[in-house]
Structures are given as structure tokens and as C-alpha cells.
Amino acid sequence: METSEIIKKVRKIEIKTRGLSSNIFAGQYHSAFKGRGMAFSEVREYQFGDDVRDIDWNVTARFHRPYVKVFEEERELTVMLLIDVSGSLDFGTQKQMKRDMVTEIAATLAFSAIQNNDKIGVIFFSDKIEKYIPPKKGRKHILYIIREMLDFKPESTRTDIKQAIEFLSSVQKRRTTAFILSDFYVRSNFQQSLQIANRKHDVVAIQVYDQRARELPDVGLMKVVDAETGYEQYVDTSSKKLRQAYQKYWLTRQAQLQETFNKSNVDNVSIATNDDFVKSLLLLFKQRS
């Protein structure tokens, strides 16, 4: 992509997503994600009514009288965007490509974060960590992130969400709000890694999918290609039995994915490429508030 074209696209995305985060998401984002973490502040002597679970036993032993840890609400969050850049995102039969919608959602979240004075960082992943952008503040930093999302060329086409989640836990020592943006087109189980990460961080899953992923059109013989493996085959979409089997596969896969999120206690939302992602995000924020 030419530099001038990238600049135009960045500006277009900034105008749209910055406006959304300013006019629509400001209050909802704050109430849904702000101040959910508690940071250690100091120790003081135990007072009647203090929770015994807050006793600092090391300090208590040193001074031979009880001391408790004092915590305060964190005034600033670190937000991490785990963005899937695998080959399956380069697909779209409706309004736009899955990758385009992921970019818009990520940009909207990023602008909402900096309006809240939060830091924002990114992990681009396929079946490996493609790129890590450490959390920072400011419009300049977000525009750099958007440019990367538009022009980034991953080395791999496959997906491994488990590795991305484990990388998050290794680089972010303090509690972080992490959004996983993916179509969750995966073949490996990542539930255990997700459960462990969500105990330490606040993980939110945002699935972007195309309508054709859930139902095949009746258009006769059609060539289909797996964007991650390159495997090709022809399918006869005029077969009602085939279309029903395909839809059943989609529903089963979605049920398994939802079970993973439920068992991991992870808030999540699924958004089709022809949906209004604003409504979906607002609903997600409202459920968390």
C-alpha cells in the first residue's frame, strides 16, 4: 500500500472512530473498565473493623503488632489489544473484510482508552507473536498503531490464540484490561491459558465473523479455500444436506467457543461484518457496568 494511501485511510479511520469514542463511548467505557483494579498503596497499623485478610504478616512479625495493607483504586489502566493478523481475517462477503472491522473496533477502543488517560498497547499475533507494541499514551501513538494495523504483513497465516494469551501474561506484570480481537478460527484449545490470564487480568473477547461463515449460499458448485492452510476443494452448495451440515458445524463450533468463555469467566461479544459494531460494543459495556 502506498504511503499516501495509508495516510488517507488512517485519517478516515481516525475521524470515524475518534468521533465514536468521544460522543458515544466516553461514559460507557469509563464505567465498564475504569477503576476495576486495586493497587497497593501503603501499610498502617491494624484498626478495629479492618479485614484480617489484609494483614501484612511480614510487617506484623517485624514490629510485633498487626499491620494491614492499604489499597487504592487504580486511577489509570493499561489496555492491551490482542489483534489476530492471520490469513482468515482476509475474508468478507458482506459490508467489509473481517480485518477492516477489527481495525475499526481496535481504533475505537484505543481512542476511548486515551480519553480516559489510559495507556494502550498492541500484540499482533498469528500462530506466533508477530509484533509487540508496548503501552503508551497519546494520539500520535494511536495513529502509529492504526498505520500498523493497515499495513502490517504477518509472517504466518495460521492462528494460535493460546500463545498470544500467554505472551500477554509474560509481558504485563500488572493488572491489564485486554481485548482479544479475532474470528477465533482456531484448531487448538486455549481455555486453560485464558482462565489463568483472566485471573490476573481483565480479558474481553470480541469475535468478528462473516455471515457466510454460518451459512452457505445456494449457488451450485463452488471452490472454497482455507486461508490459513491453503487447502482447496469444491463443494456443491445446491445440496441442502451439505448446507445444513455446514450450519450445524458453525453452531457447534460457536457453542464450544461460548463454553470456553463461560468457563473462563470472560465477557465476550460476536459481531458480523455487516453488523453495526457500535451497538454491539455498547451492549457489552452496559453488561459490564
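All chains use their own residue numbering, which begins from 1 and follows the written sequence. Since the coordinates come from a predicted model, pLDDT governs what is reported: local features require at least 70, and pairs of side-chain atoms require 80 or more to be given and counted, while whole-chain, interface and lining totals use all residues. No hydrogens and no water enter the side-chain calculation; it runs on all heavy atoms of the structure.

1. Some remarks on unusual backbone geometry
Here's step 1: Despite not being glycine, Asn117 shows a phi value in the positive range, around 65°.
Here's step 2: Secondary structure elements follow DSSP: runs of H or I of four or more residues count as helices, runs of E of two or more count as strands, with numbering from the N terminus. Looking at where Asn117 falls in the secondary structure, it is placed in the loop between α3 (98-115) and β4 (119-125).
Here's step 3: Exposure categories follow from relative accessible area, calculated using a 1.4 Å probe and restricted to protein chains: below 20% of the type maximum is buried, above 50% is exposed, and the middle band is partly exposed. Here Asn117 falls in the partly exposed class, since its relative accessible area comes to 44%.
Here's step 4: Not every positive phi belongs to a glycine, and Asn265 is a case in point at roughly 60°.
Here's step 5: Take Asn265: its relative accessible area is 64%, and that puts it in the exposed class.

2. Concerning the pattern of salt bridges
Here's step 1: A pair is scored as a salt bridge if a Lys or Arg side-chain nitrogen falls within 4 Å of a carboxyl oxygen belonging to Asp or Glu. On inspection of all chains with the given rule, the structure shows 19 salt bridges.
Here's step 2: Note that Lys263 and Glu259 form a salt bridge whose closest N and O atoms lie 3.1 Å from each other. Of this pair, Lys263 and Glu259 both sit in helix α7 (residues 240-264), 4 residues apart, which is roughly one turn of that helix.
Here's step 3: Here the salt bridges do not stand alone but share partners, grouping Arg11, Glu14, Arg18 and Arg139 into one network.

3. A word on the nonpolar core
Here's step 1: Counting 47 residues, the largest nonpolar core has Leu81, Ile83, Ile105 and Ile146 as the members making the most contacts within it.
Here's step 2: Looking at which element gives the most residues to this core, the answer is α3, with 10 residues.
Here's step 3: Discounting chain neighbours no more than four positions away, the residues touching Leu81 are Ala106, Leu109, Ile120, Gly121, Val122, Ile123, Phe179 and Leu181.
Here's step 4: Counting 19 residues, the second-largest nonpolar core is a separate cluster that includes Ala164, Ile165, Leu168 and Ile180. Buried residues of nine kinds, namely Ala, Val, Leu, Ile, Met, Phe, Trp, Tyr and Cys, make up a nonpolar core once their side-chain atoms join them within 4.5 Å. The contact definition used throughout considers only heavy atoms, calling two residues in contact when any of these lie within 4.5 Å.

4. Observations concerning α3
Here's step 1: For a helix, the expected span equals 1.5 Å multiplied by the number of residues minus one. Its 18 residues give α3 an end-to-end C-alpha distance of 26 Å, which sits within 8% of 26 Å, the value for a rise of 1.5 Å per residue.
Here's step 2: Within α3, 16 of the 18 residues are buried, which leaves the element mostly enclosed by the surrounding structure.
Here's step 3: The positive-phi residue at the C-terminal boundary of α3 is Asn117, with phi of around 65°.

5. Remarks on the domain arrangement of the chain
Here's step 1: Split into domains, the chain comes out as domain 1 (3-30 + 75-288) and domain 2 (38-73).
Here's step 2: Centre-to-centre separation of domain 1 and domain 2, based on C-alpha positions: 41 Å. In this entry, domain limits derive from an automatic or database-based domain assignment.

6. Side note on the side chain of Asp56
Here's step 1: For Asp56, the position within the fold is in the loop between β1 (38-45) and α2 (57-63).
Here's step 2: When charges are counted, Lys and Arg are positive and Asp and Glu negative, with His and the chain ends excluded. Look at Asp56: it is buried, it has no salt bridge, and the nearest opposite charge is Lys69 at 4.7 Å.
Here's step 3: Among the polar contacts made by the side chain of Asp56, one reaches the main-chain amide nitrogen of Asn58 at a distance of 3.2 Å.
Here's step 4: Beyond its immediate stretch of four places on either side in the chain, Asp56 contacts Val43, Tyr67, Val68 and Lys69. Any pair of N or O atoms that falls within 3.5 Å is considered a polar contact. Within protein, one atom must be able to donate a hydrogen and the other to accept it, and sequence-neighbouring residues count only if both atoms are side-chain atoms.

7. Topic: the environment of Gln94
Here's step 1: Inspection of the secondary structure assignment puts Gln94 in the loop between β3 (78-84) and α3.
Here's step 2: Separated by 194 residues in the primary sequence, Gln94 and Arg288 have C-alpha atoms spaced 30 Å apart.
Here's step 3: Those residues in contact with Gln94, other than ones at most four positions away along the chain, are Asp210, Gln211, Arg212, Thr273 and Asn274.
Here's step 4: A distance of 3.2 Å separates polar atoms of two side chains, one belonging to Gln94 and the other to Thr93.

8. Regarding the sheet that holds strand β6 (residues 177-182)
Here's step 1: In this description, strands pair whenever DSSP reports at least two bridges between them. Read from one edge to the other, the open sheet built from 6 strands follows the order β5-β4-β3-β6-β7-β10, with strand pairing classed as mixed. Each edge of the open sheet is held by one strand with a lone partner, namely β5 (129-136) and β10 (267-272). Mean inter-strand twist for the sheet, computed between neighbouring axes without regard to direction, equals 15°.
Here's step 2: In the sheet, β3 pairs with β6 via 5 bridges, with the strands oriented parallel. Within the sheet, the bridge partner assigned to Val79 lies in β6 and is Thr177.
Here's step 3: Here helix α4 (residues 139-151) sits on the sheet in contact with β3, β4 and β5, set at roughly 165° to β5. Here the axes come from fitting lines to C-alpha atoms, over the contacting stretch only for helices, and the angles between their N-to-C directions go from 0 to 180 degrees.

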